[in-house]
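Survey of secondary and tertiary structure
If you want the building blocks of each chain, they are given just below.
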Amino acid sequence: MNWSVIKTYGALAFVSLFYGINYSVLKIVVPDYVGPYGFIVFRVIIASAIFWMIHSFKREKIDWKADGLTLGLCALTGVAVNQLLFYKGISLTSAVNGSIIMTLTPVLVLIWASLLVGESITKRKVLGVTLGLFGAIIILYQPDKLLTSGDWRGDVLVLINGASYACYLVIVKPLMKKYNPMTVVTWVFTIAILFVVPIGFTQATSVDLGALPSKVWWSMGYAIIIVTVVVYFLNAWTLVKVDSSVVGAFIYLQPIFATLTAILFFEEIFLLKHLVAALFVFSGVYLVTKKQQT
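Residues numbered from 1 in each chain as written. Predicted model: local features only at pLDDT ≥ 70, side-chain atom pairs only at ≥ 80, totals over all residues. Heavy atoms only, no water.

**Notes on the overall build of the chain**
Summing up its helical and strand segments, the chain has 13 helices and zero strands in all. Along its sequence from the N terminus, the chain presents helices and strands in the succession α-α-α-α-α-α-α-α-α-α-α-α-α. Within the chain, buried positions represent 52% of all 294 residues. Within the chain, contacts between residues at least 6 apart in sequence are counted, and of these 90% link residues at least 24 apart. Of the accessible surface of the chain, which amounts to about 14,000 Å², a share of 70% is contributed by carbon and sulfur atoms. (Helix = DSSP H or I, 4+ residues; strand = E, 2+ residues; numbered from the N terminus. Buried < 20%, exposed > 50% of the residue type's maximum accessible area, 1.4 Å probe, protein only. Contact = heavy atoms within 4.5 Å. Areas by Shrake-Rupley, 256 points an atom, 1.4 Å probe, with all protein chains shown as cover.)

What follows is the structure, given as structure tokens:
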């Protein structure tokens, strides 16, 4: 395995780590201090400003006639629909339901990649995605809570959210090859402002920023700078290097990292199922990425 591959897979692992930690961090902010839609407005606008500051050092022109529609679709699927429907869906259904439904995202990436760009679905990828799915379900499975509480409409919204983000990972890949990843991400977030502000404006303007405790500011900073700016850039950069299905497969690491965070910092007990789930997930990711190593 060469150094380039190690960097790519390392970046994807860090993306999953940052997302895994974020599940615990977000509970500090939403919805007790900031409404979910309002938080998304802050997240998208501030992230856009940061992207523009970074992008200003290396400006790159966009062929709007050829790629404007695709950028708009990326903003809609990868930021607006993805984030708005996830938060709304989780507010209607249980966290367990939402977490289990989100494990379908790598499967949906595999399907979208085949339908939209003709990415090959090999037996190894199918087996890897399946093993990862089993591992994620094992770690999230709670017999007394599994798909029993919550509103079915929330489940549907979370499913649409997963399908939307999976679609984004596929349709944004050609743009990443054509332009600098920072250019693409900057414009995707800028366009997304047009979608999220009308929906979250009321919640955003109702927040008393001066009354927020320091823990909320730190949590918001982590969610915006690390989980938005850093994560979206890393995902964009890795899409230049590997197939969309590989990026999607690393999503299965998120429940592992989320569980480790809960064990280390929130006194959750380590169980045998955590070890078994980890073995399934890492085996699945290995199979999906194996072809990329040859």
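Next comes the rest of the description.
**Section: empty space enclosed by the protein**
Taken as a whole and judged by the stated rule, the model has one cavity of 30 Å³ or more. Counted as a void, the largest cavity has a volume near 60 Å³. Considering the residues around the largest cavity, the lining is formed by L12, V15, S16, Y19, Y165, L169, N235, V247, F250, I251 and Q254. Elements with a contribution of two residues or more to the lining of the largest cavity: α1 (3-29) and α7 (152-171). Counting residues per element, the lining of the largest cavity draws most heavily on α1, at four residues. Grouping the constituent residues of the lining of the largest cavity by class yields eight nonpolar, three polar and no charged. (1 Å grid on protein atoms, 1.4 Å probe; cavity = no way out; pocket = protein on both sides within 12 Å on 5 of 7 lines; lining within 4 Å. Points joined across faces, edges and corners; volume = space filled by probe spheres on them. Nonpolar A, V, L, I, M, F, W, Y, C, P; charged D, E, K, R; others polar.)

**Some words on the packing of helix α2 (residues 36-55) against helix α9 (residues 181-205)**
Where α2 contacts α9, the axes come no closer than 7 Å and their chain directions differ by 150°. Taken together, the axes of α2 and α9 are roughly antiparallel relative to one another. The chirality of how α2 crosses α9 is left-handed. The class makeup of the residues in the contact of α2 with α9 is 22 nonpolar, eight polar and no charged. (Axes fitted to C-alpha atoms, helices over the stretch in contact; angles between N-to-C directions. Parallel < 35°, antiparallel > 145°, perpendicular 65-115°, else oblique. Left-handed = near helix turned anticlockwise from the far one by under 90°.)

**Points about the nonpolar core**
By size, the foremost hydrophobic cluster in this structure holds 82 residues, and its most contacted members are F39 and Y232. Here this core gets eleven residues from one element, more than from any other, and that element is helix α10 (residues 214-239). For F39, the residues in contact, after removing those within four places along its chain, are L26, V29, V30, V34, Y87, M220 and A223. (Core = buried A, V, L, I, M, F, W, Y, C linked by side-chain atoms within 4.5 Å.)

**Describing the packing of aromatic side chains**
Under the counting rule described, the total for this entry stands at eight aromatic pairs. Judged by centre distance (4.8 Å) and plane angle (85°), the rings of F189 and Y232 are edge-to-face. Remark: Y232 occurs in helix α10 and F189 occurs in helix α9; sequence separation between them is 43 residues. With respect to burial, F189 and Y232 carry one shared label: buried. (Phe/Tyr/Trp six-rings, centres within 6.5 Å; stacked < 30°, edge-to-face > 60°.)

**Describing the pattern of salt bridges**
In a structure, side chains of opposite charge can pair up when their charged atoms sit close to one another. By the definition in use, this model includes one salt bridge. Taking the shortest distance from any N to any O, the salt bridge between D67 and K178 comes out at 2.8 Å. Placement of the pair is D67 in helix α3 (residues 64-92) and K178 in helix α8 (residues 173-178), with a sequence separation of 111 residues. A relative accessible area of 8% means that D67 is categorised as buried. (Salt bridge = Lys/Arg side-chain N within 4 Å of Asp/Glu carboxyl O.)

**Some remarks on the confidence of the model for the chain**
Here the chain averages 82 in pLDDT, while 84% of its residues score no lower than 70. Put simply, helix α4 (residues 95-102) is where the chain has its lowest mean pLDDT, 62, and α9 is where it has its highest, 95. (pLDDT = per-residue confidence, 0-100.)

**A few points about the environment of V184**
Looking at the secondary structure, you find V184 in helix α9. Contacts of V184, omitting those with residues within four sequence positions, involve L71, V172, L175, M176 and Y179.

**What to know about the packing of α9 against α10**
In the contact formed by α9 and α10, the axes pass within 9 Å of each other and the chain directions differ by 130°. By the criterion of interaxial angle, the relationship of α9 to α10 is oblique. Where α9 crosses over α10, the two elements pack in a sense that is right-handed. When α9 is examined against α10, the residues P181, M182, V185 and F189 are found in contact with a partner set consisting of T228, Y232, F233, A236 and W237.

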